[in-house]
Amino acid sequence: MKTLILFFCLAGLSILLAAQNPGTIVLDPPDKDGGMSTMKAFALRSSAREFDTTELKLKDLSDLLWAADGINRPESGKRTAPSAMNAQDIDIYVFMKTGVYLYDAGKHTLEFAAEGDHRKAVAGRQENMAKAPVMLVLVSDISRFRSGGDSLKITWAYADAGIVSQNIALYCASAGLATRPRGTMDQEKLRAILQLKDSQYPVLNNPVSYKLPDQ
Ligand SMILES: Cc1cc2nc3c(=O)[nH]c(=O)nc-3n(C[C@H](O)[C@H](O)[C@H](O)COP(=O)(O)O)c2cc1C
């Protein structure tokens, strides 16, 4: 009897742990033949004000992250977005209803970063932005720049994040998704949720959803 009780306790504990730490999400390989022509994507790029609440399909999330800052030259490990001194200082945190994940470009996976739905912290005072099922927060770690003073490194951080954000916007235009580049977010809350170091700066964020019928 004691063994049976112990078995059920351990089984319950492992279910609880699995629910608390969803671990790794393996993304689909990027569809490099997808999307529309670059010129059409430029013609369609715009910042959405309203977001649909439908969850993104894994395939769309996978392509979105690869387009944002995935590895496009595996031989050198270089990315779809350039970065000053190839510091690759931008980390993409993916905020969803189910928790927060960090995009690992090398493995093309999402690694569990924090429990809970924290999209409101990303939305900040623009609360309606938290309707988007996915919010990408671009965090620069300026300690990855090998030279320069802090103020120069912060300039590079903002430039690098801007390029990643524009990759997101062009991918979204091409794939029929809605997005908006945003500087607004609750920096203090995000620092606590993501347990950021002093050298890490949340620079921009992009809510992403499917387009609403009138968009
Ligand atoms: C660096 C940057 C920061 C921005 N921050 C915000 C923001 O905090 N909130 C917001 O609603 N829009 C923000 N925007 C979006 C701009 O308002 C939007 O790009 C501008 O109105 C032009 O519209 P368009 O992107 O459709 O051409 C930001 C854009 C950029 C480039």
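Each remark here, short or long, concerns the structure printed above.
Because the structure is a prediction, the values reported are computed rather than measured.

> Which residues make up the overall build of the protein chain, and what values do they have?
Of regular secondary structure, the protein chain possesses six helices and nine strands. Out of the 215 residues in the protein chain, the part that is buried amounts to 44%. Partitioning the intrachain contacts of the protein chain with sequence separation of at least 6 by distance along the chain shows that 72% fall at a separation of at least 24. Summing over all exposed atoms, the protein chain offers an accessible surface of approximately 11,400 Å²; the carbon and sulfur share of this is 57%.

> Give a description of the environment of P213 that names residues and reports values.
If you trace the backbone, P213 turns up in the segment after strand 9 (200-210). P213 gets classed as exposed once you look at its relative accessible area, which sits at 83%. In this structure the C-alpha to C-alpha distance between P213 and D52, which are 161 residues apart in sequence, comes to 9.2 Å.

> Account for the site of the ligand, with residues named and values stated.
All residues in the neighbourhood of the ligand are listed as R45, S46, S47, Q126, R180, P181, R182, G183, T184 and L204. Take R180: an N or O atom from its side chain is 2.7 Å from an oxygen atom of the ligand. Measuring from a nitrogen atom of the ligand, one finds a backbone N or O atom of P181 at 2.9 Å. Coverage of the ligand by the protein chains reaches 52% of its 620 Å² of free accessible surface. When grouped by side-chain class, the residues that make up the shell around the ligand number two nonpolar, five polar and three charged.

> Kindly report on the pairing of strand 4 (residues 90-96), identifying the contributing residues and their values.
In terms of burial, strand 4 is largely enclosed, as seven of its seven residues are buried. Of the two faces of strand 4, the one holding I90, I92, V94 and M96 and the one holding D91, Y93 and F95 are both buried throughout. Across four bridges, the pairing between strand 4 and strand 5 (residues 99-104) is antiparallel. The residue bridging M96 from the neighbouring strand is G99, located in strand 5.

> If you had to explain the environment of I193 to someone new, which residues and values would you point to?
Looking at where I193 falls in the secondary structure, it is placed in helix 6 (residues 187-194). When the C-alpha positions of I193 and G116 are compared, they lie 9.6 Å apart, and in sequence the two are 77 residues distant. With residues near it in sequence (within four places) discarded, I193 still touches V100, A114, H118 and A121.

> Tell me what's going on with the nonpolar core, and back it up with residues and numbers.
Counting 30 residues, the largest nonpolar core has L64, L65, I92, V94, L110, L136 and I168 as its most contacted members. Those elements that place two or more of their residues in this core are helix 3 (58-69), strand 4, strand 5, strand 7 (134-141), helix 5 (150-175) and strand 9. At six residues, the largest contribution of residues to this core is made by helix 3. Formed by 21 residues, the second largest nonpolar core is a distinct cluster that contains F51, V100, V122 and L190.

> So what about the packing of helix 3 against helix 5? Which residues, and what values?
The N-to-C vectors of helix 3 and helix 5 enclose an angle of 140 degrees; their axes lie 7 Å apart at closest approach. Accordingly, the angle class assigned to the pair helix 3 and helix 5 is oblique. Relative to helix 5, the crossing made by helix 3 is right-handed. Touching D60, D63, L64, A67, A68 and D69 of helix 3 are V164, N167, I168, Y171 and C172, all from helix 5. Its residues assigned to classes, the contact of helix 3 with helix 5 comprises seven nonpolar, one polar and three charged.

Criteria and thresholds
- Residues numbered from 1 in each chain as written.
- Predicted model: local features only at pLDDT ≥ 70, side-chain atom pairs only at ≥ 80, totals over all residues.
- Heavy atoms only, no water.
- Helix = DSSP H or I, 4+ residues; strand = E, 2+ residues; numbered from the N terminus.
- Buried < 20%, exposed > 50% of the residue type's maximum accessible area, 1.4 Å probe, protein only.
- Contact = heavy atoms within 4.5 Å.
- Areas by Shrake-Rupley, 256 points an atom, 1.4 Å probe, with all protein chains shown as cover.
- Near = heavy atom within 4 Å.
- Polar contact = N/O pair within 3.5 Å; in protein donor to acceptor, adjacent residues only side chain to side chain.
- Nonpolar A, V, L, I, M, F, W, Y, C, P; charged D, E, K, R; others polar.
- Pairing = 2+ DSSP bridges.
- Core = buried A, V, L, I, M, F, W, Y, C linked by side-chain atoms within 4.5 Å.
- Axes fitted to C-alpha atoms, helices over the stretch in contact; angles between N-to-C directions.
- Parallel < 35°, antiparallel > 145°, perpendicular 65-115°, else oblique.
- Left-handed = near helix turned anticlockwise from the far one by under 90°.

It is worth stressing that arrangement in space is one thing and function is another; only the former is reported here.
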